[in-house]
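Breakdown of the fold
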Amino acid sequence: MQRLIFTFVSMYTLSWALPLVSQEEVSFGDPTQSSTDIIDLSAYGAALLGKPDQELTGARVANLSADSDVNPEELGSYLEGDILVPQPAITMRNGMVSQSLRWPNGVVPYRIEGDFDRQELSIIETAMEDYHKRTCIRFVPHSGERDYISIDSDFSGCWSAVGRIGGRQRVNLQLPGCLRRYGTVLHELMHALGFLHEQSRMERDDYVMINYDNIRPRAWKNFRKADISEAFGVPYDFDSLMHYSARAFSWNGQPTIITKEAKDNIRLGQRLAFSDKDIEKINRMYACGSRLTTPPADVSFSTPEPESSMVTTSSSSSIDPDNWIELLISSWGLKGSFEEIPEV
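Okay, so let's go over this structure. Quick caveat: nothing in here was measured; it's all calculated off a predicted structure.

1. Here's the deal with the pattern of salt bridges
One pass over the full model with this rule turns up 20 salt bridges. The residue Arg284 makes a salt bridge to Glu280 at a minimum N-O spacing of 2.6 Å. Here Arg284 and its partner Glu280 are both found in helix α6 (residues 276-285), four residues apart, which amounts to about one turn of the helix. A network of salt bridges, in which partner residues are shared, links Arg111, Glu113, Asp152, Asp154, Arg168 and Arg170.

Here it is in structure tokens:
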């Protein structure tokens, strides 16, 4: 009898000790939630969790030259460079985050909490308008919803969680580095919607080769290929906003990603605008269909760099679709030399 009582007490105590989540957080995993809304993150486990890193990541982004051909989100010490769930933001579920969810009906409440000036706010607002024009995603000012994104500007680089993790979740855009390229804002918001990096797709080896000799050893894990990935039937996309640049995480300035077809190399890592396939994936993931209220634009790569005079304090900027190649070359600094970001 004493042994039975001891076992019961032990199990009762353990049941309180193991689930490190509140009842509110447990409700996030509502069993009535459609399985199509679940984003499986189990392969990443505790690697998603960490702390915003000022010493290394913040310093790298701050030291990044404006004409470097490396994207600022590729400088992070986080999972794959810019995927992070800050540990204090949610209580660790036994040390792991196994899944996130899509945003109901594609509606994403948001709050601007960073120290952005008027022009920087305009860039963020224009990015949101780009989603509104081409997808059924709607960013709406936060009005008390439990789940929302907080757009910050901490000295910790460019980063976001993947999908809706519940409660307040941060999307960080360090100034000025994370706003030099308009597409970096689109990229981090795509993470928040539930998208992973393009070169992590399970079939990526059919399209690109990873040169580990040129990758910083500590960054090898960032090039892990997914065992199973969901692309919603959309083919591999060299033009995707979610693709690494050719020299991502390079220690010597040499390419870390090489396309099977040489002509595709220049397309890697662009941060000018959505590709057509980016739009297709978003609309398929969120089953936009008839919910699209504005016809998609006819031309891809039509959004300028933020420092361009075409980006104004209005969210209805005039766009010239004929100069995207020149913008691509100038934004990547292809005529300049590679600038190595020193270890801090």
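2. A closer look at the environment of Cys136
As for its placement among the helices and strands, Cys136 is situated in the loop between α4 (118-134) and β6 (138-141). Since its relative accessible area comes to 4%, Cys136 is described here as buried. Here the alpha-carbon distance between Cys136 and Ala287, two residues 151 residues apart in the chain, equals 8.6 Å.

3. Examining the state of the cysteines
The tally for this structure, following the rule as stated, stands at two disulfides. One disulfide bridge connects Cys158 with Cys178, the sulfur atoms lying 2.0 Å from each other. Measuring the twist about the S-S bond at about -95°, one finds the Cys158-Cys178 disulfide to be left-handed. Taken together, the positions of Cys158 in strand β8 (residues 158-160) and Cys178 in the loop between β9 (168-173) and α5 (182-193) put the pair 20 residues apart, joining distant regions of the chain. Given a relative accessible area of 2%, Cys158 falls into the buried group.

4. So, the packing of aromatic side chains
In total, this model carries eleven aromatic pairs according to the counting rule given. On the basis of an interplanar angle of 0° and a centroid distance of 4.8 Å, the ring pair of Tyr207 and Tyr236 is categorised as stacked. Residue Tyr207 is located in the loop between α5 and β10 (208-210), and its partner Tyr236 is located in the loop between β10 and β11 (257-259); the two are separated by 29 residues in the primary sequence. Accessibility expressed as a relative area gives 31% for Tyr207, which makes it partly exposed. One aromatic cluster is present, built from ring pairs that chain together Tyr212, Trp220, Phe223, Tyr244 and Phe249.

5. Some details on unusual backbone geometry
Excluding glycine, a negative phi dihedral is what most residues carry, and trans is how most peptide bonds are arranged. In this structure, Pro176 follows Leu175 across a cis peptide bond, with omega equal to -5°. With respect to the element layout, Pro176 can be found in the loop between β9 and α5. The residue Phe232 is not glycine, and still its phi comes out positive at about 55°. The residue Phe232 is located in the loop between β10 and β11 in this model. Backbone geometry places Ala287, a non-glycine residue, at a positive phi of 45°. Position of Ala287 among the secondary structure elements: in the loop between α6 and α7 (324-332). Take Ala287: its relative accessible area is 57%, and that puts it in the exposed class.

Cut-off values and rules
- Residues numbered from 1 in each chain as written.
- Predicted model: local features only at pLDDT ≥ 70, side-chain atom pairs only at ≥ 80, totals over all residues.
- Heavy atoms only, no water.
- Salt bridge = Lys/Arg side-chain N within 4 Å of Asp/Glu carboxyl O.
- Helix = DSSP H or I, 4+ residues; strand = E, 2+ residues; numbered from the N terminus.
- Buried < 20%, exposed > 50% of the residue type's maximum accessible area, 1.4 Å probe, protein only.
- Disulfide = S-S within 2.5 Å.
- Phe/Tyr/Trp six-rings, centres within 6.5 Å; stacked < 30°, edge-to-face > 60°.

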